[in-house]
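What follows is each chain in one-letter form.
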Amino acid sequence: EDRSRVDIVTDSFAIEVDFAHKWAESIGQSEYYAHRLHKKAGIELIADGRNDDRFIQIIMPDAIELGITVWVIFTIDDSWGKVESIKEKDGTLKFVY
């Protein structure tokens, strides 16, 4: 009714898909769509491998607190996965899928 469109709708999720550098927008949109559709909020971030890890590191504490599920697609090698947590190991960021 408000002419907004969610990117992906599953049985459980309303998922916003956006580039990693638009992480902040994706939080609001996923929460809005989830609320309107009575689903869980989800975000699919597209990362090109050039410093996008920092955006994932920024979004995850808020996503965890808000109960938003985050998936990441890395275009550099076509890998993807659900981000379960982030860890620092030997000074480098590790994503746990």
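In case you missed it, the structure is sitting above this.
The structure contained in this document is the topic of the report that follows. (Residues numbered from 1 in each chain as written. Predicted model: local features only at pLDDT ≥ 70, side-chain atom pairs only at ≥ 80, totals over all residues. Heavy atoms only, no water.)

### Details of the packing of aromatic side chains
By the definition in use, this model includes two aromatic pairs. Summarising the aromatic geometry, the rings of Phe13 and Trp71 are spaced 5.2 Å apart at their centres and angled 80° between planes, so their arrangement reads as edge-to-face. Of this pair, Phe13 sits in strand 2 (residues 13–19) while Trp71 sits in strand 4 (residues 69–74), and the two are 58 residues apart along the sequence. For Phe13, a relative accessible area of 15% gives the class buried. (Phe/Tyr/Trp six-rings, centres within 6.5 Å; stacked < 30°, edge-to-face > 60°. Helix = DSSP H or I, 4+ residues; strand = E, 2+ residues; numbered from the N terminus. Buried < 20%, exposed > 50% of the residue type's maximum accessible area, 1.4 Å probe, protein only.)

### Focus on helix 2 (residues 53–66)
With 14 residues, helix 2 should reach 20 Å at 1.5 Å per residue; the first-to-last C-alpha distance of 20 Å fits that figure. The sharpest bend along helix 2 comes to roughly 35°, located at Met60, with the proline Pro61 sitting one to four residues further on. Those residues of helix 2 lying buried are Phe55, Ile56, Ile59, Met60 and Ala63. Phi turns positive, to about 75°, at Gly67, one or two residues after helix 2. (Expected span 1.5 Å × (residues − 1). Bend = angle between axes of the 7 residues up to and from the residue.)

### Description of helix 1 (residues 23–37)
Taking 1.5 Å per residue, 15 residues should reach 21 Å; helix 1 reaches 21 Å between its end C-alpha atoms and fits that length. Turning to helix 1, its buried residues number three or more, namely Ser26, Ile27, Ser30, Tyr33 and Ala34. Around the axis of helix 1, the buried residues are gathered within 150° of arc, so they sit on the same side. Considering only its buried residues, helix 1 is in contact with strand 2, strand 3 (40–47) and helix 2. With its phi angle positive at about 60°, His38 sits one or two positions after the end of helix 1. (Arc of directions from axis to C-beta. Contact = heavy atoms within 4.5 Å.)

### Examining the sheet that holds strand 3
The sheet built from five strands is open, its strands ordered 1-2-3-4-5 with mixed pairing. The open sheet has two free edges, formed respectively by strand 1 (8–9) and strand 5 (79–82), since each of these has just one partner strand. As paired strands, strand 4 and strand 5 are joined by four bridges and run antiparallel to one another. Bridged to Val72 within strand 5 is Gly81. Relative to strand 2, helix 1 is tilted by about 160°, and along the sheet it contacts strand 1, strand 2 and strand 3. Set on the sheet, helix 2 makes contact with strand 3 and strand 4; between it and strand 4 the angle comes to about 170°. (Pairing = 2+ DSSP bridges. Axes fitted to C-alpha atoms, helices over the stretch in contact; angles between N-to-C directions.)

By themselves these figures say nothing about function.
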